Amino acid sequence: MNVSKKPQVRVLVPLAVPKAYSYAVPEGMILAPGDVVRVPLASRVCVGVVWDGTGDGNIDEKRLRPVREHLPARPLSKELRTFIEFVSNYTLHPLGTVLRLALSAPDALKPPPKRFGYAATETMPKPMTQARKRVLEALGQAGVPLEQNLLLERAQVRAEVLRTMVKAGWLQKVETGGASETAPCDAYQLVREKSVLPSLSSDQESIVSVLREALKHEDGWGRGGARGNGFLLDGVTGSGKTEVYFEAIASVLEAGRQVLVLLPEIALTEQFLKRFTARFGIEPLVWHSGLTRARRRDGWRAVSNGSARMVVGARSALFLPFEALGLIVVDEEHEQAFKQDDGVLYHARDMAVARAWLGGFPVLLSSATPSLESLENVERGRLQHLRLGERFGGASQPDISVIDLRGESTDSSHWLGESLVSLMRETLESGDQSLLFLNRRGYAPVSLCRACGERITCPNCDVWLVEHRSRNGLLCHHCGYRRALLLECPACGEKESLVACGPGVERIAEETAALFPQARIEILSSDKVFGARGYQGAIERILEREVDIIIGTQIIAKGHHFPHLTLVGIIDADIGLGNADLRASERSYQLLHQVIGRCGREERPGRALLQTWMPEHPVIQALARGDRDGFIEQERFSRERAGLPPFGRLVALILSDTDEQRVRDATRVLSKTLPKGDGFVLLGPAPAALYRLRGKFRYRFLLRASRSIDAQKLITDWLAGARLSSGTRLVVDVDPYWFG
Ligand code: ADP
Ligand code: ZN
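In short, a report on the structure. Position labels on residues start from 1 in each chain and follow its written sequence. Chain letters and ligand numbers both follow the written order, the letters beginning at A and the numbers at 1. Given that this is a predicted model, residues contribute local features only at a pLDDT of at least 70 and side-chain atom pairs are listed and counted only at 80 or more, while totals for whole chains, interfaces and linings are drawn from all residues. Side-chain metrics in this entry use all non-hydrogen atoms of the structure; hydrogen atoms and water are not considered.

Observations concerning the overall build of the protein chain
The numbering of helices and of strands both runs from the N terminus, where a helix is a DSSP run of H or I of at least 4 residues and a strand a run of E of at least 2. Along its length, the protein chain carries 20 helices and 29 strands. Note that the radius of gyration is over C-alpha atoms, with the globule rule given as 2.2 Å times the number of residues to the power 0.38. Here the C-alpha radius of gyration of the protein chain, 29 Å, is about what a compact globule of 740 residues would show, namely 27 Å. The cut-offs for exposure are 20% and 50% of the maximum accessible area for each residue type, with area from a 1.4 Å probe on protein chains only; residues under the lower value are buried, those over the upper are exposed, and the others partly exposed. Within the protein chain, buried positions represent 52% of all 740 residues. Contacts are assigned to residue pairs that have any heavy atoms within 4.5 Å of one another. Partitioning the intrachain contacts of the protein chain with sequence separation of at least 6 by distance along the chain shows that 74% fall at a separation of at least 24. Surface accessibility follows the Shrake-Rupley procedure with a 1.4 Å probe radius. Residue values consider only the protein chains on display as shielding. When the accessible surface of the protein chain is totalled, it reaches about 33500 Å², and 50% of it is carbon and sulfur. When charges are counted, Lys and Arg contribute as positive and Asp and Glu as negative, whereas His and the chain ends are disregarded. A charged residue contributes its charge at one atom only: NZ of Lys, CZ of Arg, CG of Asp or CD of Glu. Distance between charge centres in the protein chain, computed from 96 positive and 88 negative side chains, equals 7 Å.

Below, the structure written as structure tokens:
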């Protein structure tokens, strides 16, 4: 019928739209899927990506609007587009919203500025000074023109030397196209030749050879049945996992492909980056949500044109447009921080596995305390289990004692029991360091009125305000609300009746200082972090032995290697166990295990002391016995019986609104069509545990389904017919990790 059909394309825009829309291709423009374009949308013009598939064909050609402009950015690969589709289908977030994660550096889509570098000419400098010689050597070794900063650094000369050399015709300025400025492979080669690589233990060696083999066969993947080549690298802290995956990374770099290392908390990786740089001779590209615009732009481009070979990033790095990704490593894979809690609610570890599968390359998950999810994937044959036994170099595991607080003489305003205090004294006297762990920021979690019993709560959220003495106020840890410390009770008006209940790290520091006035104390908690630099300063003071006692929240739990730390005191081992969260035990175990693992990492053995009111609790028992596998078995058993993840599936739906009546109406609308059937239950609506959060009233539904149920389809069908008022927000959380 349509004889002279105009060419059409589908374009996906990075907005909350479920699919790509059709546009006309103007004459002379040639477009292919993945191309970055600008298109009109309603009354504005926005960036979009040419998507796969053909236009829907029913749109009147006259109404079809044309693509405005073809931007010079590198096209998004088929692999990335498929991944975006996958994430959207899995998380039930709109396709355009997911695309937005991949277009997170808008400036990178514009044409790149011209860049210049230096290259040698035919003429040799006369006289050949040492500085000039170094310049030529640096260029010779790189084999490509180098930009000024890099050249100055490599040759260790002043800018003046380059200027003179250009003037004399011994050097020339050439356009580098912005791609070769880091010349990473060459740098890597250099280091490879020069540096002393660790000689691996036989355990490490055999794991490395398994990985090398997998990486070699990479090209065959995606065609045969060898997809999903995933590995779980499992070994206690200090067993040499990092060293092992560094070897795998080296193989991938040698093969000319890119590597992505995902870390849970990017702010905490200074030590890691140093180690990385020392091993590979080049700095990895760092990616997280806190980067400046300019760094995002440069980073995005470097990843897409392949000049960044190594990326170390937080979860959002998963959506970068890699040119040739060859391996993803997820370090501390059990960390809850990999679950995005805002916007598109994806779990970066799970999506990393998906991205690797779609791209046909391996993924390596690493942890000392793997998640039940990953262990279950080992059982199902989806991940290959690689275990590292002992701590490297024979450092022993810390000696762990459980202190039953019922037998200790503590009172309601002291939290360091006598056993802990005496070990702290010993440690202090021997010149070693102690770490006191309490996963509570601030001074006290609750302010209570002695006269009327009132607890001070946040005006926007159903939570107690936390007293922070260092900031002289009461803070809400959910919405950021802050008020000055109160002189009288807001409920009964009684003066000076408010008392701080329970401890936070600041209060523990106060108690410690009173007990050990001569000790140098450092508090490490995320609110005291003063930016990455302040944090780094604290870490350095610890490494330089300018600190005797570290008092920290979970921020201190991972990644650090403090050689002189020999005592860990867990102030309250029970804190996480009381949560009504299905993963409360697992998470407590992981966290405490990690914290305990901070000590005794070198010659001097470590000691750990757990203060608890529930010494018989399975988590405490398993920690004390060092019986991880026993704990996992028990935890698996109870989850399997209850049909909870990873044995069953959960999807949470959260409705929220500033208007209480409206959100109730919404729950009624959804309840009318509540799906019923075999193999699943839909619970709710129920007021959320945090009924009011950031000023909104919240209700939840929870789907619990067996693994054979297509939970996504069930939810999609259910929601398809529902009409909610525009003020009510509905968030779908597939595989929820937070139940507040
Ligand atoms: P993990 O990642 O399991 O915590 P690491 O890889 O950080 O363990 O290793 C712990 C310590 O042992 C580090 O200081 C590391 O440099 C050292 N190490 C590990 N393997 C070797 C090796 N083969 N040769 C020398 N040192 C090693
Ligand atoms: Zn609040």
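Some points on the site of ligand 1
What surrounds ligand 1 is a group of 14 residues, the closest being Gly238, Gly240, Lys241, Thr242 and Arg275. At a separation of 3.1 Å, an oxygen atom of ligand 1 approaches a polar backbone atom of Glu243. In isolation ligand 1 offers 550 Å² of accessible surface; the protein chains occlude 76% of this area. Top contributing element to the shell around ligand 1 by residue count: helix H8 (residues 241-254), with 3 residues. The residue makeup of the shell around ligand 1, split by class, is 4 nonpolar, 7 polar and 3 charged. Nearness here has a simple test: a residue counts as near a molecule or strand if at least one of its heavy atoms is within 4 Å of that partner. In protein, a polar contact requires one atom able to donate a hydrogen and another able to accept it; more generally it is a pair of N or O atoms within 3.5 Å, and residues adjacent in sequence count only if both atoms are side-chain atoms. Throughout this entry, Asp, Glu, Lys and Arg are counted as charged residues, while Ala, Val, Leu, Ile, Met, Phe, Trp, Tyr, Cys and Pro are counted as nonpolar. The remaining residues, Gly among them, count as polar.

Details of the sheet that holds strand S20 (residues 482-484)
As a general point, the strands of a sheet are linked pairwise by backbone hydrogen bonds and lie either parallel or antiparallel. By this definition, two strands are paired if DSSP reports at least two bridges between them. One open sheet accounts for 3 strands, arranged S18-S19-S20; its pairing is antiparallel. Two strands close off the open sheet at either side, each with one partner strand: strand S18 (466-468) and S20. Across the sheet, the mean angle separating the axes of adjacent strands is 30° when strand polarity is ignored. One ladder, built from 3 bridges, connects strand S19 (residues 473-475) with S20; its direction is antiparallel. Bridge assignment links Leu475 to a residue of S20, and that residue is Arg482. Between N-to-C directions, angles cover 0 to 180 degrees, with each direction set by a line fitted to C-alpha atoms, over the stretch in contact for helices.

Remarks on helix H20 (residues 711-720)
All of the buried residues along H20 are Ala711, Gln712, Leu714, Ile715, Trp718 and Leu719. The buried side chains of H20 occupy one side of the element, clustering within an arc of 165° when seen end-on. Where the residues of H20 are buried, they touch helix H1 (78-91), strand S26 (648-657), helix H19 (660-672), strand S27 (680-693), strand S28 (696-706) and strand S29 (729-734). Throughout, the arc means that of the directions going from the helix axis to the C-beta atoms.

A short note on the packing of aromatic side chains
Pairs were defined over the aromatic rings of Phe, Tyr and Trp, the Trp ring being its six-membered one, requiring ring centres within 6.5 Å. Orientation was assigned from the angle between planes: stacked under 30 degrees, edge-to-face over 60, tilted for the rest. With the rule as written, the count across this model stands at 13 aromatic pairs. Between Phe319 and Tyr346, the ring centres sit 5.2 Å apart and the planes meet at 75°, which makes this aromatic pair edge-to-face. Taken together, the residues Phe319 in the loop between strand S11 (310-313) and strand S12 (325-331) and Tyr346 in the loop between S12 and helix H11 (348-359) connect sequence positions 27 residues apart. Note on Tyr346: relative accessible area 1%, which makes it buried. Only when the NZ of Lys or the CZ of Arg is both within 6 Å of the ring centre and within 35 degrees of the ring normal is a charge said to sit over the ring. Note that Arg279 overlies the ring of Phe280, its terminal NZ or CZ placed 5.0 Å from the centroid. Over the ring of Tyr443 we find Arg469; its NZ or CZ atom is 3.7 Å from the centre of that ring.

Overview of helix H9 (residues 270-280)
Within H9, burial applies to Phe272, Leu273, Phe276, Arg279 and Phe280. One side of H9 holds all its buried residues, which, seen down the axis, span an arc of 130°. Just downstream of H9 lies Gly281, where phi reads positive at about 75°.

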